[in-house]
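Observations on chain architecture
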Amino acid sequence: MSTLQVEQVSFSYGDKLALQQVSFDMQSGRLNALLGPNGAGKSTLMALFSRLYRLQQGDIRIGGVSLRQQPRQALRRLGVVFQQSTLDMDLSVHQNLAYHAALHGLSSRAAAPRIEQELARQSLLEHQHQRVRQLNGGHRRRVEIARALLHQPDILLLDEASAGLDPASRLALNQHVRTLCRECQLTVVWATHLMDEIAMDDPVVVLHRGRILAADSSASIVARTGQPSLSEAFRQMTQDEGVAA
Ligand SMILES: Nc1ncnc2c1ncn2[C@@H]1O[C@H](COP(=O)(O)OP(=O)(O)OP(=O)(O)O)[C@@H](O)[C@H]1O
């Protein structure tokens, strides 16, 4: 069953059209890549998913529930890690999670086992009493993932999660998130402009200048264009688009 469906979504910032009639389905329990260069519209889409921006046209269904009609119910299924970190650097890992749980109305008794479970899932137990400032970039990202999963959603949105990490930490984070998909049946939307973060069998949505150029597995997109790699396929698709525009 598809857990996240985007239906004919358009969005403008004043005169600037950022998304045009965007429609696609994400696959359940997989890392779904949302691939697009800077300015493609990825962050705008993420902001619509999380209801930071209100839908102007179209709808988004989360677990079959309309974000337009039943926003609170739909949002319960969703965890979000934004591009910019919002952790408190001077609090410990555990304090950051406890603070977030309290903000969302969880009693400390209810929060404690969830925090423990998330710290374990993110392999952060040994770091829980360290200040976030003392952690490396990859571990900070994992704290954000733990925080986003505290209310036990089954869909996780990650906007350019690996930005600013060194290549080894990028790879480790990407593999960690894939393990979460496999072992916890989590559906992930991984927004990126980096092709090397995408595996050949990943479902991929290619976004360019606010429009969908392709929505298929990476391997199928590469095969269809007859190019040797996803980056070559992407280059060809965007060139064709430039000619057609
Ligand atoms: N607040 C805003 N006001 C006006 N235009 C905006 C605003 N935010 C984004 N845009 C424009 O909307 C388009 C999509 O931007 P968006 O940030 O969603 O792209 P992106 O794929 O996330 O790129 P990046 O990775 O650089 O954030 C771009 O043309 C951008 O300039």
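Note that the coordinates shown come from a computational prediction; the quantities given were computed from them, not determined experimentally.

Parameters and conventions
- Residues numbered from 1 in each chain as written.
- Predicted model: local features only at pLDDT ≥ 70, side-chain atom pairs only at ≥ 80, totals over all residues.
- UniProt positions renumbered as here; feature names shortened; annotations may be inferred.
- Helix = DSSP H or I, 4+ residues; strand = E, 2+ residues; numbered from the N terminus.
- Domains from an automatic or database assignment.
- Contact = placed C-beta atoms within 7 Å.
- Nonpolar A, V, L, I, M, F, W, Y, C, P; charged D, E, K, R; others polar.
- Pairing = 2+ DSSP bridges.
- Axes fitted to C-alpha atoms, helices over the stretch in contact; angles between N-to-C directions.
- Core = buried A, V, L, I, M, F, W, Y, C linked by C-beta atoms within 7 Å.
- Buried ≥ 20, exposed ≤ 12 C-beta atoms within 10 Å, placed from the backbone.

**A look at the UniProt feature "domain: ABC transporter" (unreviewed entry) in the chain**
On the UniProt side, "domain: ABC transporter" (unreviewed entry) is annotated at positions that read residues 4-234 here. What you have in residues 4-234 is 35% helix and 27% strand, and the ends, taken at the C-alpha atoms, are 24 Å apart.

**Side note on the domain arrangement of the chain**
If you check the domain split of the chain, you get domain 1 (2-77 + 155-240) and domain 2 (88-152). Placing the centre of domain 1 and that of domain 2 at their C-alpha centroids yields a distance of 25 Å. Of the residues lining the interface, nine residues belong to domain 1; the matching set on domain 2 comes to eight residues. Looking at the side of domain 1 that touches domain 2, its residues break down into six nonpolar, three polar and no charged.

**Observations regarding the sheet that holds strand E1 (residues 4-13)**
With antiparallel pairing, the four strands of this open sheet are ordered in space as E2-E1-E4-E5. Sheet topology places strand E2 (16-26) and strand E5 (65-66) at the edges, where each strand pairs with a single neighbour. Sheet topology note: the E1/strand E4 (residues 57-62) ladder contains five bridges and is antiparallel. Counterpart to Leu4 in the pairing with E4 is Ile62. Here helix H1 (residues 42-49) sits on the sheet in contact with E1, E2 and E4, set at roughly 65° to E2.

**A word on the nonpolar core**
With 59 residues, the main nonpolar core has Leu34, Leu157, Leu158, Val189 and Trp190 as its most contacted residues. Counting residues per element, this core draws most heavily on E2, which supplies five residues. Three or more residues apiece are contributed to this core by two domains, here domain 1 (2-77 + 155-240) and domain 2 (88-152). The residues touching Val189, leaving out its near neighbours within four places in the chain, are Leu4, Met26, Asn32, Leu34, Leu157 and Leu158.

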